Amino acid sequence: KGKTNASGDLRFQRLPIGKYRVVETGLQPGYQTVEDAIVEVKESAETEVTFENYRIPVYVTINKTDMKGKPLAGAKFGLYTKENIPGAMPGSVALSANTLIAEFTSDDNGIVHIANMLLPYGEYVIKEISAPNGYLKTDETWTIDATDNAVNNNYSYQFTVVNNNYELTVEKLKMYALEQKKKG
């Protein structure tokens, strides 16, 4: 049993000849687990095993439409931290809450695809930054949870965002005072 150093290395010395199962335990949050490795220690030979951990990828699809289901191009969305994201050192903060991580714009089909985004362990929020011309921005938010290992080691989210268009009402006003003056 052992723990890796700051460089991620761990050495076992003077192990008896034989086969050993190397199991990764205590994985740092936000990374994918790796399969166990079987290692054979032979006489006077050094054996090396490498475990490579990858961040867990996040997939998001946003469908942007109006109230009638018409796709809306040009809507801007932001991905923000929902809470403080811990840093590598205990008690440190890598990203403060409500930090903008990335911006995305809906395409001609009203779609935003975010694929294989590697986020640090934590919770995130998607907010609409601006709506297309003629539409009102929604204040609704959508949470991305990158805190627990999901099925198949990925996170997939799909949201439909509907915007209301705004209406401008113009009423014809009569100017009674001017009409009376002309008559008199």
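Look up: the structure comes first, before these words.
Just so you know, these numbers come straight off a predicted model, no measurement behind them.

Caption draft 1: Geometry of the environment of threonine 81. Along the polypeptide, threonine 81 turns up in strand β4 (residues 76–81). A sequence separation of 18 residues divides threonine 81 from threonine 99, and the C-alpha atoms of the two residues are 5.3 Å apart. The residues touching threonine 81, leaving out its near neighbours within four places in the chain, are Leu95, Ser96, Ala97, Asn98, Thr99, Ile101, Glu123 and Tyr124. There is a polar contact of 2.6 Å between the side chain of threonine 81 and the backbone oxygen of serine 96. Within polar-contact distance, the side chain of threonine 81 engages the backbone nitrogen of threonine 99 at 2.9 Å.

Caption draft 2: Spatial organisation of the side chain of glutamate 128. Positionally, glutamate 128 belongs in strand β9 (residues 122–130). For glutamate 128, a relative accessible area of 4% translates into the label buried. Within the local environment of glutamate 128, its side chain forms a polar contact with the backbone nitrogen of threonine 138, the two atoms lying 2.8 Å apart. One polar contact links glutamate 128 to asparagine 163, side chain to side chain, over a distance of 3.2 Å. The contacts of glutamate 128, once residues within four sequence positions are left out, are Lys64, Ala75, Lys76, Phe77, Lys137, Thr138, Trp142, Val161 and Asn163.

Caption draft 3: Local environment of the pattern of salt bridges. Applying the stated criterion across every chain yields a total of three salt bridges. The shortest N-O distance in the salt bridge between arginine 21 and aspartate 36 comes to 3.9 Å. Taken together, the residues arginine 21 in strand β1 (residues 18–22) and aspartate 36 in the loop between β1 and β2 (37–41) connect sequence positions 15 residues apart. A relative accessible area of 39% places aspartate 36 in the partly exposed class.

Reading the values: rules and limits
Residues numbered from 1 in each chain as written. Predicted model: local features only at pLDDT ≥ 70, side-chain atom pairs only at ≥ 80, totals over all residues. Heavy atoms only, no water. Helix = DSSP H or I, 4+ residues; strand = E, 2+ residues; numbered from the N terminus. Contact = heavy atoms within 4.5 Å. Polar contact = N/O pair within 3.5 Å; in protein donor to acceptor, adjacent residues only side chain to side chain. Buried < 20%, exposed > 50% of the residue type's maximum accessible area, 1.4 Å probe, protein only. Salt bridge = Lys/Arg side-chain N within 4 Å of Asp/Glu carboxyl O.

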